[in-house]
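Listed below are the residues making up each chain.
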Amino acid sequence: MAEAADFQGLGPSPARRWLRRTATVIAGVPLLASLLAGTTAPAARATTQATGSSTVAVALDTLAPSTPVKGDTLTISGTVTNKGRSKVTDAQVDLRVGPRLTGRTAIDDAAARSGNSSGEAAPVGGKYKVTFPELAAGISRDFALSVPVDKLGLDEDGVYQLGVSLTGRTAAAPYDQVLGIQRTFLPWQPDSTDEKTQLTVLWPLISSTHLSAETGSDDQQTPVFENDDLAEELAPGGRLEQLVSVGSRLPVTWVIDPDVLATADAMTRSYNVRNGDSVVPGRNQAVATQWLNALEKAVKGGKVIALPFADPDLASLAHRGKDVPGALSHLQPATDVAGRTVETILHVQPSVDFAWPVDGAIDPSIVDVATSAGAHKVITRSDSLQDNLSYTPNAARPIGGGTTAVVADTRLSTAFEGDMTAAGSSTLAVQKFLAQTLAVTLQQPDNQRSIVVAPQRMPTAAQAQSLARALRALDAERWTQPSDLIAAAAVQPDSDATTKVPSTSRYPEKLRARELPTEAFLAIKKTQERLDNFKAILSSPDRVAAPFGNAVSRAMSTSWRGNATGGRHYREAVNDYLTGLTSEVRLIPKSVLTLSGRSATIPVTVQNKLLQGVQDLVLRLRSDNPTRLKLDGDQPVAERPIKIDGGHSQSVKFTGAGNANGPVQVTAQLYTVDGTPYGAPMTFQVKVSEITPTVMLVIAGGVLLLVLAGVKMYSRRKRAVARKEAATPPDGTDGTGEAGPGASGDTDPGQPSDPTPDTGPESADASGAGEKVDR
């Protein structure tokens, strides 16, 4: 970004300074030659020279105060390490104050300098130094310099470069020389400016995905975590715990992924953690409860921005997912869930009007996707929406369609992206951050600006602590004042600031290479379709709608960038678990069925092994050969409504009519009420054995003959009994003194009993829903 301020009123531009220095060097060549001619070699070696390389590494661990005022004493501590192969003698650590830097570009140029050079400023000198008689090879020594600010020669307000150097002698060069130097910046603004820069700092609470779609079968639907890593982030000293602890004392705008809150809230109750093929109880309820309580106190009275649930990857959706049907439909529900989640758990009303693409990189398609969920403000960055102005403009600007781009400052937003675990790295980053904020204010002292800092999405604890150090150094508000994102978005835009969104071709290739692939959105589409079919048949669809709906959102999370394998495994796990649940409602396979006669019943069993009932299902039975076998009278297809309690099965009966002998393939398929197939079809064979009219006549004739024979036998028996009774004397004996047949009134043992009545035709009605499933 060009900054005309570097050459308009605040000092010469880098190009003009280079020309002046070149002219000076050329003009001084004759003088330098005469000086060298008149000086002995030993005297020349006695002067401090630069080696052009860093034999000694200088690290600055502390610099306090970071933004001094008149009367302060500047204290710098650090370490010097001899990286050479020989010892350093007569070592001396000095503080050097460079010239005032004019403009933000000058600060960048100074920060890019490395190694030693002949243009180093003279040391402060006097007693403000630390000496080491000897510094052996590979050895480190600590140092501390304390210098009153009035000894530093700070005249005008502005940013000065400080250098802490080590001079000494080596065996190869036994004369004083600069063997190592570390440079940093000192903002000098002892008095408050009239127009302070409004500084908005985003404080993100975002994590990776930890919660699966699986829940327990109990009434509480105990959640199952993929791992227990979140507990480490929430525990004292953990990344998220540090973000809350540090952020609670800073004037920041909280930017929260509601999935973090939902996951932590689930941990406050009974939860399980996947351990291989099994699950084990989670035991970090107290950690999650403590963290949520601390966060609720921290955000009270502050501004909270809720990103769409699970922080969906807007750029991936725009570039890889928008052409997949239904992919964009997840954004609005994710936004709706976000607001409710934050309000329910933290008891604050968040703003859901902001979208935050990865690294603030935008193009027209990303803006379209970002606003499709109802957001009217897009957080971008100045390296994406670039300006060609002589100063840093206000963050807010209209980009068309009622959308406001909130442009974060790239230099400040990326200031702490490096490894901040080393004290030296953190100190340098803090001082450069402070220097850039002062440079912004001094660009146009009479023109108050509003700038935004949007740091990395998931800063480490060390990165957050470094940013916090910089913000605390600004507490005096001598050139900045804290603001919030909502206020920054409402500031009057600069009329000359860029409002044109960069084209898609300008989207950074490095970011594009890390996007979710199109296959990810196709897999999500497949899972969503299966979920929709499943919910349509359930008596209590809410038990699966929430966990699976949230899992689908997590499957397209920005956190999967850089972890393509993990994202794929998560999507597959969600789909596999859902497939397993849907298969719990199924058709029981049948063996070959023989249909004897013109009409008979064909039973089909539907099993529901879920814990809740299913409804709004239809079972259709289709004959592949209607000429040979028809269903329900004279139809090739018959259907029955299905409603089964949880853990039960239902036998559904159809009437089949055979017209010709032979096998017939029959297909049974479940459907939802909208006609979508549910589950796999089940096929079985029906063998039709038709009874013809001739066979019926033969059978009828045979039955008639049997009846006539029975009648004839009965008549003969009856006549025989009558003759015998007539021959029996009146005393009931037969002349031998033994009672005759029938004398006691008993029935004749040879008399046939009543025939068993024929059973009626089997009912084709479905059985009830109360048949228990055998498990």
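So, a few notes on the structure that sits alongside this text. (Residues numbered from 1 in each chain as written. Predicted model: local features only at pLDDT ≥ 70, side-chain atom pairs only at ≥ 80, totals over all residues. Heavy atoms only, no water.)

### Looking at the nonpolar core
- One finds Phe-534, Val-604, Leu-619, Leu-621 and Leu-670 to be the most contacted residues of the largest nonpolar core, which totals 72 residues.
- In terms of residues, this core owes the most to one element, helix α16 (residues 518-537), which gives six residues.
- Excluding its chain neighbours within four sequence positions, the residues that come into contact with Leu-621 are Ile-602, Val-604, Leu-631, Pro-636, Val-637, Ala-638, Phe-654, Val-666, Thr-667, Ala-668 and Phe-684.
- In this structure, Val-287, Ala-435, Leu-438 and Ala-468 belong to the second largest nonpolar core, which totals 67 residues. (Core = buried A, V, L, I, M, F, W, Y, C linked by side-chain atoms within 4.5 Å. Buried < 20%, exposed > 50% of the residue type's maximum accessible area, 1.4 Å probe, protein only. Helix = DSSP H or I, 4+ residues; strand = E, 2+ residues; numbered from the N terminus. Contact = heavy atoms within 4.5 Å.)

### A word on a positive patch on the surface
- A cluster of basic residues, Lys-712, Arg-716, Arg-719 and Arg-723, forms a positive patch on the protein surface.
- Looking at the element boundaries, Arg-723 is found in helix α19 (residues 693-726). (Patch = residues over 30% accessible without salt bridge, like charges linked within 9 Å, V, L, I, M, F, W, Y side chains within 5 Å. Areas by Shrake-Rupley, 256 points an atom, 1.4 Å probe, with all protein chains shown as cover. Salt bridge = Lys/Arg side-chain N within 4 Å of Asp/Glu carboxyl O. Lys, Arg positive; Asp, Glu negative; His and termini not counted. Charge placed at Lys NZ, Arg CZ, Asp CG, Glu CD.)

### Side note on the sheet that holds strand β23 (residues 593-596)
- One open sheet holds the five strands; their spatial order is β23-β30-β29-β25-β27, and the pairing between them is mixed. Each edge of the open sheet carries a strand with a single partner, namely β23 and β27 (637-644). Across the sheet, the mean angle from the axis of one strand to that of its neighbour is 30°, orientation sign disregarded.
- Here strand β29 (residues 662-672) pairs with strand β30 (residues 677-689) via nine bridges, running antiparallel. Bridge pairing links Tyr-671 to Pro-677 in β30.
- Along the sheet face, α16 touches β25 (614-623), β29 and β30 and points at about 105° away from the line of β25. (Pairing = 2+ DSSP bridges. Axes fitted to C-alpha atoms, helices over the stretch in contact; angles between N-to-C directions.)

### Examining the packing of aromatic side chains
- The full count for this structure, using the stated rule, is four aromatic pairs.
- Taking 5.6 Å as the distance between ring centres and 35° as the angle between the ring planes, the aromatic pair formed by Trp-560 and Tyr-570 counts as tilted. Pair noted here: Trp-560 is in the loop between α17 (542-555) and α18 (564-582) and Tyr-570 is in helix α18, with a separation of 10 residues, a long-range link. The pair formed by Trp-560 and Tyr-570 is uniform in burial state, with each residue classed as buried.
- In this structure, Lys-590 packs its charged tip against the face of Phe-684, placed 5.6 Å from the ring centre.
- Against the face of Tyr-671 rests Arg-620, its NZ or CZ located 4.4 Å from the ring centre. (Phe/Tyr/Trp six-rings, centres within 6.5 Å; stacked < 30°, edge-to-face > 60°. Lys NZ or Arg CZ within 6 Å of the ring centre and 35° of its normal.)

### As for the environment of Phe-143
- With respect to the element layout, Phe-143 can be found in strand β6 (residues 140-148).
- Residue classification places Phe-143 among the buried positions, given a relative accessible area of 5%.
- On a C-alpha basis, the gap between Phe-143 and Thr-131 in space is 9.0 Å, while along the polypeptide they are 12 residues apart.
- When near neighbours in sequence (up to four residues on either side) are disregarded, Phe-143 contacts Val-58, Ala-59, Leu-60, Ile-76, Ser-77, Gly-78, Thr-79, Val-80, Val-93, Val-130, Phe-132 and Val-164.

### A look at a nonpolar patch on the surface
- Where nonpolar side chains cluster on the molecular surface, the patch consists of Leu-704, Leu-705 and Leu-708 and spans about 320 Å² of accessible area.
- Looking at the element boundaries, Leu-704 is found in helix α19.

### Some details on the sheet that holds strand β3 (residues 73-82)
- Spatially, the three strands line up as an open sheet ordered β2-β3-β6, and their pairing is antiparallel. Edge positions in the open sheet fall to β2 (56-64) and β6, since each of these has one partner strand only. Neighbour-to-neighbour, the strand axes of this sheet turn through a mean angle of 20°, independent of strand direction.
- Note: β2 against β3, eight bridges, orientation antiparallel. Bridge pairing in β3 places Val-58 opposite Val-80.

### Here's the deal with a negative patch on the surface
- A cluster of acidic residues, Asp-155, Glu-156, Asp-157 and Asp-191, forms a negative patch on the protein surface.
- Secondary-structure assignment places Glu-156 in the loop between β6 and β7 (158-169).
- A residue is classified by how much of its surface remains accessible, and Glu-156, at 51% relative accessible area, is exposed.

### Re the pattern of salt bridges
- This model, assessed by the stated rule, comprises 21 salt bridges.
- Measuring nitrogen to oxygen at the nearest pair gives 3.1 Å for the salt bridge that ties Arg-320 to Glu-515. A residue pair is termed long-range when its members are at least 10 positions apart, and Arg-320 in helix α8 (residues 314-321) and Glu-515 in the loop between α15 (509-512) and α16 qualify at 195 residues.
- Overall, the relative accessible area of 6% leaves Glu-515 in the buried class.

### Things to note about the environment of Val-637
- Topologically, Val-637 is positioned in strand β27.
- Of the residues examined, Val-637 reaches a relative accessible area of 38% and is grouped as partly exposed.
- Sequence separation of Val-637 and Thr-667 is 30 residues, and the distance between their C-alpha atoms is 9.5 Å.
- Not counting the four nearest positions on each side in its chain, Val-637 is found in contact with Arg-620, Leu-621, Arg-622 and Leu-631.

The analysis is restricted to geometry; functional conclusions fall outside its scope.
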